[in-house]
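So the chains spell out like this:
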Amino acid sequence: MLKIIITGGAGFIGSHLARRLMLENHEVLIVDSLHPYYSIERKRQQLSTIDLLRNDQFFSLDLLNREETISLFQSISPDAVIHLAALPGVAYSIERPLEYVDYDIKATINVLEACGQSNASQIIFASSSSVYGNQEGPLKEEMANGNVISPYAASKYSAESFCHVYRHLYGFETKVLRFFTVYGPWVRPDMAIGIFLKRLLKNQEIILFGEDRVRDFTFIDDIVDGIYLSLTQLHTSEVINIGSGKPISMLFLLDEFKKYFPEIKIRKEKSRTGDVLQTWADIRKARDLFGYWPKISFERGLAETVKWARENEAFL
Ligand SMILES: NC(=O)c1ccc[n+]([C@@H]2O[C@H](COP(=O)([O-])OP(=O)(O)OC[C@H]3O[C@@H](n4cnc5c(N)ncnc54)[C@H](O)[C@@H]3O)[C@@H](O)[C@H]2O)c1
């Protein structure tokens, strides 16, 4: 059994991950500030889906507070830290780049320092497919070169570098996982699938930015599987893609939605700045290193997501 801190554990990915880790009998401690990037009520609801979580396993703290972060981590003395807390979202990062320097870089440095000072033996860092910039796939890990197109991606790329620095300073294992467009129940409300579902359930028109865009949509359970396997089966520091390996075009996505919402109305707009044209993960490194392979087809994943959305419309 491992003692694990999950930063950002009230978020979309973090709440699913916490449930899984607790079911596998690990001790989970969540640190989250309930940042208002999207509804705090929704984050509380996500927390409440972690049935086994007790109140004393949740710590409300902004990781930008360096001293408190270090002292909390020292008092917990975790075996592993899974650092998911960040300001996500490409579009917002173009409006507010400096916030990403704070939440995605500075907070990560604090977490890395806290890992070192609390003798954690490993940290898993949530990076993103956006670090590949506008390159054609399949995207292999060594293809990221810093030539990115949004402040969000620049912050993630920089935070990855700090992970390497602190591995050298403290000697813990760093596992940098690059997630590819995650969806599923509780999908983030600012992501395409989340926005579309909200509008479809109200029978409103969907605005499609860039019909030629392609995304490697990855179901949440597969992402959680990838994190879990890297936590328990990988014993070296690595940078690894966690995706589905199957790129889906936005037009295909809308065709799938038509099965559930035949009356769908679509308005097409051109792509937004900062959005890469396509993502397509090469996932062979994760397969070879720790046996990761996605299990959920896009059709099945979308069916589960639509079902969840119908039952939870109030939270969309
Ligand atoms: N969802 C995706 O498709 C996707 C893709 C690639 C990478 N990622 C990365 O995975 C991680 C989790 O993403 P998510 O979709 O679950 O996002 P999310 O916004 O649902 O979760 C992030 C959580 O971090 C918390 N947080 C933010 N700043 C904090 C701070 N300074 N101190 C304490 N808590 C803080 C927020 O309150 C939130 O609950 C992020 O790092 C994100 O960049 C997500």
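Each value, and the rule that gives it
Residues numbered from 1 in each chain as written. Predicted model: local features only at pLDDT ≥ 70, side-chain atom pairs only at ≥ 80, totals over all residues. Heavy atoms only, no water. Helix = DSSP H or I, 4+ residues; strand = E, 2+ residues; numbered from the N terminus. Rg over C-alpha atoms; globule rule 2.2 N^0.38 Å. Contact = heavy atoms within 4.5 Å. Areas by Shrake-Rupley, 256 points an atom, 1.4 Å probe, with all protein chains shown as cover. Lys, Arg positive; Asp, Glu negative; His and termini not counted. Charge placed at Lys NZ, Arg CZ, Asp CG, Glu CD. UniProt positions renumbered as here; feature names shortened; annotations may be inferred. Near = heavy atom within 4 Å. Polar contact = N/O pair within 3.5 Å; in protein donor to acceptor, adjacent residues only side chain to side chain. Buried < 20%, exposed > 50% of the residue type's maximum accessible area, 1.4 Å probe, protein only. Pairing = 2+ DSSP bridges. Right-handed = clockwise from strand over helix to strand, strands pointing away. Expected span 1.5 Å × (residues − 1). Patch = residues over 30% accessible without salt bridge, like charges linked within 9 Å, V, L, I, M, F, W, Y side chains within 5 Å. Salt bridge = Lys/Arg side-chain N within 4 Å of Asp/Glu carboxyl O. Disulfide = S-S within 2.5 Å. Axes fitted to C-alpha atoms, helices over the stretch in contact; angles between N-to-C directions. Phe/Tyr/Trp six-rings, centres within 6.5 Å; stacked < 30°, edge-to-face > 60°. Lys NZ or Arg CZ within 6 Å of the ring centre and 35° of its normal.

S.K.: Help me get a handle on the overall build of the protein chain, residues and values and all.
M.R.: Regarding its fold elements, the protein chain presents eleven helices and 13 strands. The C-alpha atoms of the protein chain give a radius of gyration of 19 Å, which matches the 20 Å a tight globule of 316 residues would have. Summarising its shape, the C-alpha atoms of the protein chain cover approximately 55 × 40 × 40 Å along the three principal directions. Considering only intrachain contacts with a sequence separation of at least 6, the fraction spanning at least 24 residues in the protein chain is 82%. Accessible surface, the protein chain as shown: approximately 13400 Å² in total, 51% of it carbon and sulfur. Taken together, the 36 basic and 40 acidic charged side chains of the protein chain have centroids lying 3 Å from each other.

S.K.: Can you tell me about the UniProt feature "domain: NAD-dependent epimerase/dehydratase" (unreviewed entry) in the protein chain, naming the residues and giving the values?
M.R.: Within this structure's numbering, the places UniProt gives as "domain: NAD-dependent epimerase/dehydratase" (unreviewed entry) are residues 4-243. Taken end to end, residues 4-243 comprises 43% helix and 18% strand; its first and last C-alpha atoms sit 23 Å apart.

S.K.: Can you tell me about the site of the ligand, naming the residues and giving the values?
M.R.: Surrounding the ligand, one finds 29 residues, the nearest of these being Asp32, Tyr38, Leu84, Tyr152 and Val182. Here an oxygen atom of the ligand sits 2.8 Å away from a polar atom, N or O, in the main chain of Ile13. Lys156 is positioned with one of its side-chain polar atoms (N or O) 2.8 Å from an oxygen atom of the ligand. Summarising the interface, the protein chains cover 98% of the accessible area of the ligand, which totals 820 Å² for the free molecule. Looking at the shell around the ligand, the elements with two or more residues in it are α1 (12-23), β5 (122-128) and α6 (151-170). Sorting elements by how many residues they give to the shell around the ligand places β5 first, with three residues.

S.K.: Please give an account of the pairing of β5 that cites residues and values.
M.R.: Of all the seven residues making up β5, seven are buried; the element is thus mostly covered by neighbouring parts of the structure. Burial along β5 is two-sided: Gln122, Ile124, Ala126 and Ser128 and Ile123, Phe125 and Ser127, pointing in opposite directions, are all buried. Inspection of the sheet shows strand β4 (residues 80-83) paired to β5 by four bridges, in the parallel sense. Note that in β5 the partner of Val81 across the bridge is Ile123. Direction of pairing for β5 relative to strand β6 (residues 173-179): parallel, over a ladder of seven bridges. By the bridge assignment, Ser127 is partnered in β6 with Arg178. In this fold, the crossover linking β5 to β6 by way of α6 has right-handed handedness.

S.K.: Which residues make up the environment of Ile266, and what are the values?
M.R.: Note that Ile266 resides in strand β13 (residues 266-269). Filtering out sequence-adjacent residues up to four positions away, Ile266 remains in contact with Glu205, Ile206, Leu208 and Leu254.

S.K.: Requested: an account of helix α5 (residues 97-117), with residues and values cited.
M.R.: An ideal rise of 1.5 Å per residue puts 30 Å on 21 residues; α5 measures up with 29 Å between its terminal C-alpha atoms. Once α5 ends, the next one or two residues include Asn119, with phi positive near 60 degrees.

S.K.: Can you break down a nonpolar patch on the surface residue by residue, with the values?
M.R.: Among the surface-exposed residues, Val165, Leu169 and Tyr170 lie close enough to one another that they form a single nonpolar patch of about 280 Å² accessible area. As for its placement among the helices and strands, Val165 is situated in helix α6. For Val165, a relative accessible area of 39% puts it in the partly exposed group.

S.K.: Give me the state of the cysteines: which residues, what numbers.
M.R.: Note on terminology: a disulfide is the covalent bond linking the sulfur atoms of two cysteines. Taken as a whole, this structure holds zero disulfides when the rule is applied. Cys163 provides the cysteine sulfur closest to Cys115, a residue in no disulfide bond, and the two sulfurs are 8.9 Å apart. We classify Cys163 as buried; its relative accessible area is 1%.

S.K.: Describe the sheet that holds β4, with residues and values.
M.R.: Within the open sheet, the seven strands sit side by side as β3-β2-β1-β4-β5-β6-β11. Their pairing is parallel. At either margin of the open sheet sits one strand with a lone partner, and together these are β3 (58-59) and β11 (238-242). Running at roughly 155 degrees to strand β1 (residues 3-7), helix α3 (residues 66-76) makes contact with β1, β2 (27-31), β3 and β4 of the sheet.

S.K.: Hey, could you go over the packing of aromatic side chains for me, with residue numbers and the actual values?
M.R.: Aromatic ring pairs are defined here through the distance separating the ring centres and the angle between the ring planes. Counted according to the given criterion, the structure contains 16 aromatic pairs. With centroids separated by 6.2 Å and ring planes inclined at 35 degrees, the aromatic side chains of Tyr132 and Phe180 adopt a geometry described as tilted. Residue Tyr132 is found in the loop between β5 and α6, and its partner Phe180 is found in the loop between β6 and β7 (182-183); the two are separated by 48 residues along the sequence. Considered together, Tyr132 and Phe180 belong to a single accessibility category, that of buried residues. Three or more aromatic residues joined by ring pairs make a cluster, and in this case those are Tyr37, Tyr38, Tyr92, Tyr100 and Tyr152. Across from the ring centre of Phe209, 4.5 Å away, lies the NZ or CZ of Arg272, which sits over that ring.

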